[in-house]
There are 2 protein chains.
Amino acid sequence: MTDDLVNRLLNGEPRAVARAISKVEDASADAPELMKAVFPRTGNALVIGITGSPGAGKSSLVDKLALLYRERGDKIGIVAVDPSSPFSGGAILGDRIRMQTLGLDENVFIRSMATRGNLGGLARTTVDAVSILDAAGYDKVIVETVGVGQDEVEIVKAADVSVVVLVPGMGDDIQAIKAGIMEIGDVFAINKADREGVIRTEKELEALLSLAHRQDLWEPPIVRTVATESKGIEDLAEAIKAYSEFVKDAGPGSSRRVAIAKWRLLELAREQLLARLLNRNGTEKELDRLAEEIAEKKRDPYSAVEELIREL
Amino acid sequence: MTDDLVNRLLNGEPRAVARAISKVEDASADAPELMKAVFPRTGNALVIGITGSPGAGKSSLVDKLALLYRERGDKIGIVAVDPSSPFSGGAILGDRIRMQTLGLDENVFIRSMATRGNLGGLARTTVDAVSILDAAGYDKVIVETVGVGQDEVEIVKAADVSVVVLVPGMGDDIQAIKAGIMEIGDVFAINKADREGVIRTEKELEALLSLAHRQDLWEPPIVRTVATESKGIEDLAEAIKAYSEFVKDAGPGSSRRVAIAKWRLLELAREQLLARLLNRNGTEKELDRLAEEIAEKKRDPYSAVEELIREL
């Protein structure tokens, strides 16, 4: 069963790709076996991580970039990370508007990833989905994250090239810059660049970048874009290419790649250790009982967790 | 040593509070003992979580709200969650501007929380810091998260009252609303409400809220604020109070409190299981070796993690 799925996946069949990603998301029993088969076939795609604040126009930018790559003959995978509603477990709004323009192209694969329950692991499942698309022969895999949270930053870090999208006027509030996204940008796009304040934002960004200390001595280019009018998209593609060529020289054993591998390993370990605990007989019940006792302040979380993991 | 620290903490000494939070952040060996002593003394503070997009003016709003509570005689704790730079491990910009206005008031305790290395656990350490401030006698503890990521959402969920801050014009891009923050808001503040588009944003928000299904049947109020001019702050405080009174009737065993306790327990379990692995002799070395092999595609992360956790 998995063998067949793996073969179809490696042949680039979209349905097999979709199914494989679902297995990874659901943490299904044969997911590890699947990923073991997939992993050696990865490394050909250029993985582009795109992040920035809500409202920066990331989706439009991703769509236009994907269209440009399509025109050049590439197969494109798009993974959109949507932290889903913590209460209902599902996204409020359904499929993306982009599906209307790109979704019918069989050489474009679009997938939204959302949080699924306690095991979390959104970062891990996203990175696995990227590996699957890579192994399936997609030339460019674009990972778009909504928001600038901790997990989102980690997801973008795991890309070959990280693009941070800003908009003019965001400099009003330095929070946008404080959120830890500055240092992860290999390329910066100032989108909605037809708006007032673009020069000021560019100057502020340049000043901030001059303060940053990149170990690799790369100077991140700043590109102006107006995604809705398809302006600046080629420049963006050019900047992405420039960085990917810059790092290619570093080789597979580069410190960035090792750091990504280590992070990935720790994410997996964290998840599998918790899964071991949760799969143990009786844990669910014990967990509910302890949670109630904590809520009623009959005991503290620290002594409760000691009890929970003692026998493991 | 810890006994003394606990006593000073419970007496509300700011330096003891700061030290205790550092112990929790550093996952120091006596942190569990400390938290066991702290936990039974919690439950008196009103914990207010404030989230929203970068640029929404959350910091100003938090500052003004804190000032209002101070005028009313409350002791205030502010915990600002700053996902720090993933590369350097530190925030780029230093202390906050707010320190100039609030930082000199001895009844205001301000602390920034940042990611620290592999153990992560930003959500857990933040919630522990809130418990410490609660036990130390702070009447209101305000937790402010930058960004709308997965962890940030969980942190705000763990508050007694969750406030989501929006700004007019963000409706341009539905991403702001998709990021899973809609359903966690018990109160919504439209900040910068002197800007154009406030009515449209309010209408859109009302429409979205009418689609949401809250289990507790609470109808989240929408408050207009202009934090920089101290406008609407009393209305915001009123709305926060209204919700806190609404939930008080639910009692300590309410499903929300049990859900928070369960989440906290799982976070702790995840972290302590990983710590067990990392504290094992030789793990660091093995981890480095495996990460290098993964980076060089000599092996896949899944078989590597199996090897890593096999003997645990």
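Look above for the structure.
Here goes a summary of the coordinates provided. (Residues numbered from 1 in each chain as written. Chains lettered and ligands numbered in written order. Predicted model: local features only at pLDDT ≥ 70, side-chain atom pairs only at ≥ 80, totals over all residues.)

## Comments concerning the overall build of chain A
Looking only at helices and strands, one finds 13 helices and seven strands in chain A. Looking at chain A as a whole, 51% of its 312 residues are labelled buried. Pairs at least 24 apart in sequence give 75% of the contacts found in chain A among residues at least 6 apart. (Helix = DSSP H or I, 4+ residues; strand = E, 2+ residues; numbered from the N terminus. Buried ≥ 20, exposed ≤ 12 C-beta atoms within 10 Å, placed from the backbone. Contact = placed C-beta atoms within 7 Å.)

## Quick notes on the nonpolar core
In a soluble, globular protein the nonpolar side chains are often hidden away together inside. In terms of nonpolar packing, the biggest core is built from 175 residues, with Val143 and Leu265 of chain A together with Val143 and Leu265 of chain B touching the most fellow members. With residues up to four places along the chain from it excluded, the contact list for Leu265 of chain A reads Leu287, Leu290, Ala291, Ile294, Pro301, Ala304, Val305 and Leu308 of chain B. (Core = buried A, V, L, I, M, F, W, Y, C linked by C-beta atoms within 7 Å.)

## Things to note about the environment of Ala250 of chain A
Topologically, Ala250 of chain A is positioned in the loop between helix H10 (233-248) and helix H11 (255-279). Counting along the chain gives 34 residues from Ala250 of chain A to Asp216 of chain A, while the straight-line C-alpha distance between them is 9.5 Å.

## Here's the deal with unusual backbone geometry
Positive phi, close to 55 degrees, is recorded for Lys192 of chain A, a residue that is not glycine. Looking at the element boundaries, Lys192 of chain A is found in the loop between strand E6 (187-190) and helix H9 (198-211). A positive phi is found at Lys297 of chain B, a non-glycine position, where the angle reads about 60 degrees. Mapped onto the secondary structure, Lys297 of chain B falls in the loop between helix H12 (283-295) and helix H13 (301-309). Taking the number of C-beta atoms within 10 Å as the measure of exposure, Lys297 of chain B has 15 and is therefore partly exposed.

## Overview of the packing of helix H1 (residues 2-10) of chain A against helix H2 (residues 14-25) of chain A
All names here are of chain A. Look at H1 against H2: their axes get within 8 Å of each other, and the N-to-C directions meet at 125 degrees. Considering their axes alone, H1 and H2 lie oblique with respect to each other. As H1 packs across H2, the resulting crossing turns out to be left-handed. Side by side, H1 and H2 meet where Leu5, Arg8 and Leu9 of the first sit next to Ala16, Val17, Arg19 and Ala20 of the second. Grouping the amino acids of the contact of H1 with H2 by side-chain chemistry returns five nonpolar, no polar and two charged. (Axes fitted to C-alpha atoms, helices over the stretch in contact; angles between N-to-C directions. Parallel < 35°, antiparallel > 145°, perpendicular 65-115°, else oblique. Left-handed = near helix turned anticlockwise from the far one by under 90°. Nonpolar A, V, L, I, M, F, W, Y, C, P; charged D, E, K, R; others polar.)

## Some details on the pairing of strand E5 (residues 161-166) of chain A
Residue and element names in this part refer to chain A. In terms of residue burial, E5 counts as a mostly covered element, since six of its six residues are buried. On E5, burial covers both faces: Val161, Val163 and Val165 on one face and Ser162, Val164 and Leu166 on the other are all buried. As judged from the four bridges shared by E5 and E6, these two strands associate in the parallel manner. Pairing of Val165 across the sheet is with Ala189, part of E6. (Pairing = 2+ DSSP bridges.)

## Some words on the packing of helix H2 (residues 14-25) of chain B against helix H6 (residues 122-135) of chain B
A packed helix pair is summarised by two numbers, namely the angle formed by the two axes and the spacing between the axes. Residues and elements named next belong to chain B. Where H2 contacts H6, the axes come no closer than 9 Å and their chain directions differ by 155 degrees. As the angle between them shows, H2 and H6 are arranged roughly antiparallel. For the element pair H2 and H6, the recorded crossing hand is right-handed. Residue-level inspection shows Val17, Ala20, Ile21, Val24 and Glu25 of H2 in contact with H6, the latter providing Thr125, Asp128, Ala129, Ile132 and Leu133. Of the residues belonging to the contact of H2 with H6, the class tally is seven nonpolar, one polar and two charged.

## Focus: the environment of Asp105 of chain A
For Asp105 of chain A, the location among the structural elements is in the loop between helix H5 (99-102) and strand E3 (108-114). For the pair Asp105 of chain A and Arg70 of chain A, spaced 35 residues apart in sequence, the C-alpha to C-alpha distance is 9.3 Å.

## Considerations on the pairing of strand E4 (residues 140-145) of chain A
Residues and elements named next belong to chain A. Within E4, six of the six residues are buried, which leaves it mostly tucked inside the rest of the structure. Of the pairings in the sheet, the one linking strand E1 (residues 46-52) to E4 comprises five bridges and is parallel in character. From the neighbouring strand, Ile50 faces E4, where its bridge partner is Glu144.

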